[in-house]
Amino acid sequence: MVNSSIPARRWLYAALILVIAGQACTISLFNPPGNPATATPERIIATNTPYPAAQVTFVVTIPEALQPGETIAVLVLDEVTGLPLRPTQYTLSPRDATTYSGAIPVMVNSVIKYRYVRVIGSTQIAEDTTYGGAIRYRLHNVATSTEVQDIVADWTDKITGRPASSILGQIYNADSRSPIPNILVTAGGIQFITDSQGRFELTGLPIGVHQLVAYSMDGLHLPFQQGARVEEGKATLVDLYMTPTRLVNVTFRVSVPEDTVPGVPVRIAGNILQLGNTFADLQGGVNVVTDRMPIMALQSDGRYTYTLGLPVGAHIQYKYTLGDGYWNAEHDAQGKWVLRDFIVPAEDVTLDDHVQTWLVSKESGPILFEVSIPSVTPAADIIYIQFNIFGWTEPIPMWPLGIVSGSTRWAYQLYSPLNFYGSFSYRYCRNGQCGSADDNQTVGISPAGRQTTTSLLGQDLVDSVNSWKWFENPETLPLVGSAITPRAVGFVAGVEYQSTFRPNFSYYAWQTFANTKAIGANLAVLTPSWSVSSISPLRFATQPGQDPLWIDTAIMVSQARDNGLNPVLFPTPHFPPSTDTSVSASTQFWRNAPRDASWWQSWFTRYRAFLVNYADLAAQSGAQSIILGGEWVTPSLPGGLLPDGTPSNVPADAEAQWRGIIAEVRNHFKGQVLWALPYDKSTIMSPVNFLRDVDGIYLLWSVPIATSSTATKTDYVNEAGRLLDNEIAPLVSLLGNKPVIIAASYPAAGDAASGCVANGAGGCLDFNALSRPNADIPSVPLSLQAQADIYEALLSAVNVRPWVSGFVSRGYFMPVALQDKSTSINSKPAANVLWYWYPRMLGIIR
């Protein structure tokens, strides 16, 4: 790191003006059009215009009386800055030993987010659920002055074991009576995202009356709120109806401080999906993601503007930022956080704003970070910077300078919050994937990072990234020409994307689909998920931040189609991480599940809802096919076995259950239904009866094709051919010659062809353990050549067997190119193999 001079800063500013002004248009994931029917002339208002306030009295019942010196407080939370980063605390007064209350003024028609804490001196003890889960927040829609009645189930430091029950229901559009997906429902601080049928489950609620709130994360439906009584021993069943609202054009127009680096991107961070809110708890306590925020346009007068359609009546909280809701966000003249509020009016409107300062304190000057990067960095990559004061936060995109003095450089000026004296850490990474695509100086999830110190005067720090982890010197291997027979119409050549999801992945989806098309593929297999948050009782639903929301998957289907690919959905559950690299997460899940009669009923009910949810999404978004099955459902199939070969105790009606699920999926989706059949051992077991109900087989192929340690690529071809002829062809014939697609998954690791990558303890690694963002396993040797040879061998075997209907590469890591040990082929020599084979198999090149 080198400190640079003031003249260097001047040329840097000039470079930024030229480069940023010339950048291509940016992508906004959530930008609904304005309502074309709106003809009312727009109003111009400033968001410091006061709105009417209501008096909200919070009344809370706690599990037991407080100890001397303890108090109860309500925290009003700010999800734009970050839930734990800017709470406002209001101390409540006792009504009796277990009831406390207090009133605060709140803007009418706003939606506030809050939770309760027990205060002991300077320590806050948070409330949690009856099953020990964290409470993100409760919701209240402020229509008028009112009293809000709440019940605290438990505290994080105590278990009171009070009785609990649940609220179950569905949410419908009040006008069309159709179910609404992607609605956040909450009561007692427990949250649930509705599925395609509008269903929700709020379990573990203390007995009593709770405030039930349904909130549209994009604001397209007005909030619904009512009291709901929870009684011991039975679930409360409710149907809710939410009123849809229309869009008007809202123009944000802002002037920025004179010390703003000229031309840099100014973004709008806000409390709804369209303004970058993920409704997830991300790194360092932030909740909004820079890559999902709208970027404003610089005008000739120096102001910035952005227009988007927003729903009438929605409560919008927002701020202007050069980073996210925490880093480089606007502050007032006293250095305090700014969070603007307004209610979207019924006509088009312009919001005329001014940022007073980006700085928190004049006692700490801004820091300009400048970094040069290796020449091998892909041209489409974006360089990010990540900061660490109290923990690593979400990475922020830097500003491109182009080529300066022979090297590609990026810059970022940090203004705030730097209201402290001392050092802090930072690091650089590619495409926002810190922890996976790192500067080799700061590798991993929790590195020490580069160090710098705040200062009264502004600083210029000049760094160099000498090499990137997993992209030090990208390898290319020679391709071997082959006589390739063009396949019949209908042959598919595709890529399946890794099921790991983070909210910033979406920004790179378009480029991923373009790259997939560029290797000659015609099929894009998306793997949207739900997550298991509890095994017993089974909780299985969308978890924001870990699973794509409905809109995320719908947009990716559209983007794949726009790139000339046929999109396919392969719903893939996320299980709690395995603590053993030789055991998959799904294997550990099945080991720990009670698997008694009531648990199995819960499993089939929830898994049916999971598949129907994505069948509906496939139908509404225009996906070509949906894939059911997968290795994780094997214990639930007729005669089910656990991975160790012991019986899973699956119910006798398992076949009827699965046939019913397939039939219901078909009722919701009229496209092709495939079954994902695992094939990782030398023999294959299949539920033949209900496989007759699907349209084809998606064969999850990771079977050994090396019969000895000295096996050659020719041996691989021969063994793959033998397995196809002796194991797969008879199954295809038994099923009436249904189409079969080979979906291959092999890591770029030594011994991958044997089907067993040694774990160093006498066993084999689960291949997923080698995927990012998991930590590297140093004992496993990297072998890009092995992966490329495997793909070439498999394609050679498929080439002479016309009954095989397609080939797919599994595990593609969407956000960034890495030449790592994972099954992803992104920018590896194996991708070049597909680039050679796919167009020729499809007859595009002859």
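Counting starts from 1 at the beginning of each chain's written sequence and moves along it residue by residue. The predicted nature of this model means local features are confined to residues of pLDDT at least 70 and side-chain atom pairs, given and counted, to a pLDDT of 80 or more, with totals for whole chains, interfaces and linings taken over all residues. With hydrogens and water stripped out, all remaining heavy atoms of the structure feed into the side-chain values.

S.K.: Hey, could you run me through the overall build of the protein chain in this one?
M.R.: Within the protein chain, the secondary structure is distributed over 10 helices and 44 strands. Over its C-alpha atoms the protein chain spans a radius of gyration of 28 Å, differing by no more than 12% from the 28 Å that the globule rule assigns to 846 residues. Taking the principal axes of its C-alpha atoms as reference, the protein chain extends roughly 75 × 75 × 60 Å. Relative accessible area decides the class of each residue, using a 1.4 Å probe on protein chains only: under 20% of the type maximum gives buried, over 50% gives exposed, and in between gives partly exposed. Buried positions account for 60% of the 846 residues belonging to the protein chain. A contact between two residues is defined here by any heavy atoms of the two lying within 4.5 Å. A fraction of 76% describes how many contacts in the protein chain between residues 6 or more apart in sequence connect residues 24 or more apart. Looking at the protein chain as shown, the accessible area adds up to about 31,500 Å², and 52% of this sits on carbon and sulfur atoms. Across the protein chain, the centroid of the 54 positively charged side chains sits 3 Å from that of the 67 negatively charged ones. Secondary structure elements follow DSSP: runs of H or I of four or more residues count as helices, runs of E of two or more count as strands, with numbering from the N terminus. Computation of the radius of gyration draws on C-alpha atoms alone. For the globule rule, the value is 2.2 Å times the number of residues to the power 0.38. Per-residue and other accessible areas follow the Shrake-Rupley method at a 1.4 Å probe size, with only the shown protein chains counted as cover for residues. His residues and chain termini do not enter the charge count, which takes Lys and Arg as positive and Asp and Glu as negative. In this description, the location of a charge corresponds to atom NZ of lysine, CZ of arginine, CG of aspartate or CD of glutamate.

S.K.: I would appreciate a short explanation of the packing of helix α3 (residues 550-562) against helix α5 (residues 597-621) in the present structure.
M.R.: Geometry of a packed helix pair, given as the angle between the helix axes and the separation of the axes. Here α3 crosses α5 at 40°, and the two axes come no closer than 10 Å. The angle between α3 and α5 places the two elements in the oblique class. Between α3 and α5 lies a crossing whose hand is right-handed. Here Trp550, Thr553, Ala554, Val557 and Arg561 of α3 come into contact with α5, specifically with Asn613, Tyr614, Asp616, Leu617, Gln620 and Ser621. Throughout, the ten residues Ala, Val, Leu, Ile, Met, Phe, Trp, Tyr, Cys and Pro are labelled nonpolar, Asp, Glu, Lys and Arg are labelled charged, and all others, Gly among them, are labelled polar. Grouping the constituent residues of the contact of α3 with α5 by class yields five nonpolar, four polar and two charged. The angle between two axes is taken between their N-to-C directions and runs from 0 to 180 degrees, where each axis is a line fitted to C-alpha atoms and a helix contributes only its stretch in contact. Any angle that falls under 35 degrees is termed roughly parallel, while one over 145 is termed roughly antiparallel, one within 65 to 115 roughly perpendicular, and all others oblique. Crossing handedness: left-handed means the near helix sits turned counterclockwise from the far one by under a right angle, and right-handed means the same turn made clockwise.

S.K.: Before we go on, may I ask you to explain the sheet that holds strand β32 (residues 423-430) in this structure?
M.R.: In a beta sheet, neighbouring strands are held together by backbone hydrogen bonds and run either parallel or antiparallel to one another. Strands were regarded as paired on the criterion that DSSP finds at least two bridges between them. The four strands lie next to each other as β29-β28-β32-β33, forming an open sheet whose pairing is antiparallel. The open sheet is flanked by β29 (396-397) and β33 (450-453), the only strands paired with a single partner. Where strand β28 (residues 383-388) meets β32, six bridges bridge the pair, whose relative direction is antiparallel. The partner of isoleucine 385 across the bridge, within β32, is tyrosine 428.

S.K.: Sorry, what's going on with the confidence of the model for the protein chain here?
M.R.: Regions with low pLDDT carry predicted coordinates that are not meant to be interpreted in detail. Here the protein chain shows a mean pLDDT of 92. Residues at 70 or above account for 94%. Confidence of the prediction at every residue is given by pLDDT, a number between 0 and 100. Segment residues 4-40: pLDDT under 50, and 68 contacts once partners within four positions in sequence are set aside and those in other chains are kept.

S.K.: Explain the state of the cysteines to me, please; I cannot follow it from the model alone.
M.R.: In a disulfide, the sulfur atoms of two cysteines are covalently bonded to one another. Any pair of cysteine sulfurs within 2.5 Å is marked as a disulfide. Under the definition given, this model contains two disulfides. The partner cysteine of cysteine 429 in its disulfide is cysteine 434, sulfur to sulfur 2.0 Å. Taking the torsion about the S-S bond as the criterion, the cysteine 429 to cysteine 434 disulfide, at about -75°, is left-handed. Assessed through its relative accessible area of 0%, cysteine 429 is described here as buried. Take cysteine 434: its relative accessible area is 12%, and that puts it in the buried class. Here cysteine 756 pairs with cysteine 764 through a disulfide, and the sulfurs are 1.8 Å apart. Its torsion about the S-S bond being -95°, the disulfide of cysteine 756 and cysteine 764 is classed as left-handed.

S.K.: When you look at the pairing of strand β20 (residues 247-255) in this model, what are you seeing that I'm missing?
M.R.: Side chains on a regular strand alternate between the two faces of the sheet. Relative to strand β23 (residues 304-311), β20 runs antiparallel, the two sharing eight bridges. Residue pairing in the sheet places valine 254 in a bridge with tyrosine 304 of β23. Pairing geometry for β20 and strand β26 (residues 349-354), over six bridges, is parallel. Bridge pairing in β26 places valine 250 opposite valine 349.

S.K.: Before we go on, may I ask you to explain the packing of aromatic side chains in this structure?
M.R.: The relative placement of two aromatic rings is captured by the distance of their centres and the angle of their planes. Pairs were defined over the aromatic rings of Phe, Tyr and Trp, the Trp ring being its six-membered one, requiring ring centres within 6.5 Å. Orientation was assigned from the angle between planes: stacked under 30 degrees, edge-to-face over 60, tilted for the rest. In the structure shown here, the tally under the stated rule is 49 aromatic pairs. Relative to tryptophan 675, the ring of tryptophan 658 lies with its centre 5.3 Å away and its plane at 90°, an arrangement referred to as edge-to-face. One end of the pair, tryptophan 658, is in helix α6 (residues 654-668); the other, tryptophan 675, is in strand β41 (residues 672-679), with 17 residues separating them in the sequence. In terms of burial, tryptophan 658 and tryptophan 675 fall into one category: buried. A cation over an aromatic ring shows up here: arginine 427 above the ring of tryptophan 392, its NZ or CZ 5.0 Å from the ring centre. Comment: the charge-over-ring label is applied if NZ (Lys) or CZ (Arg) is within 6 Å of the ring centre and within 35 degrees of the ring normal.

S.K.: How should I be thinking about the side chain of threonine 186 in this particular structure?
M.R.: Its place among the elements puts threonine 186 in strand β14 (residues 183-187). Reaching out from threonine 186, the side chain makes a polar contact with the backbone oxygen of isoleucine 190 at a distance of 3.1 Å. When residues no more than four places from it in sequence are discounted, the contact partners of threonine 186 are Tyr137, Leu139, Gln191, Leu202, Gln211, Leu212 and Val213. N or O atoms closer than or at 3.5 Å make up a polar contact, with two conditions inside protein: a donor-capable atom paired with an acceptor-capable one, and, for residues adjacent in sequence, both atoms drawn from side chains.

S.K.: Any chance you could explain the side chain of threonine 236 here in plain terms?
M.R.: Position of threonine 236 relative to the elements: it lies in strand β19 (residues 236-242). Separated by 2.6 Å, the side chain of threonine 236 and the backbone oxygen of arginine 229 make a polar contact. Setting aside residues no more than four positions away along its own chain, threonine 236 makes contact with Ser166, Ile167, Leu168, Arg229, Val230 and Glu231.

S.K.: Just checking my understanding: could you explain the sheet that holds strand β36 (residues 523-526) for this structure?
M.R.: Ordered by their spatial adjacency, eight strands build a closed barrel running β35-β36-β39-β40-β41-β42-β43-β44, and the pairing between neighbours is parallel. On average, each strand axis in the sheet is tilted by 25° relative to the strand beside it, whichever way the strands run. Its contacts with the sheet put helix α8 (residues 713-734) on β41, β42 (696-701) and β43 (740-744), and the angle it makes with β42 is roughly 150°. On the sheet, helix α9 (residues 784-799) packs against β42, β43 and β44 (806-812) and is oriented at approximately 160° with respect to β44.

S.K.: Looking at this structure, how should I read the environment of asparagine 799?
M.R.: Relative to the assigned elements, asparagine 799 resides in helix α9. Between the C-alpha atom of asparagine 799 and that of serine 110, which follows or precedes it by 689 residues, the distance is 62 Å. Not counting the four nearest positions on each side in its chain, asparagine 799 is found in contact with Ala483, Ile484, Thr485, Arg487 and Trp837. In terms of polar contacts, asparagine 799 uses its side chain to reach the backbone carbonyl oxygen of alanine 483, at 3.0 Å.

S.K.: Looking at this structure, I do not really get the packing of α5 against α6. What am I missing?
M.R.: Across the interface, α5 lies against α6 with an axial gap of 8 Å and an inter-helix angle of 20°. Relative to α6, α5 is oriented roughly parallel. Handedness of the α5/α6 crossing: right-handed. The segment α5 lies against α6, with Gln601, Phe604, Tyr607, Arg608, Leu611, Val612, Ala615, Asp616 and Ala619 engaging Ala654, Gln657, Trp658, Gly660, Ile661, Glu664, Val665 and His668. When its residues are assigned to classes, the contact of α5 with α6 shows 10 nonpolar, four polar and three charged.

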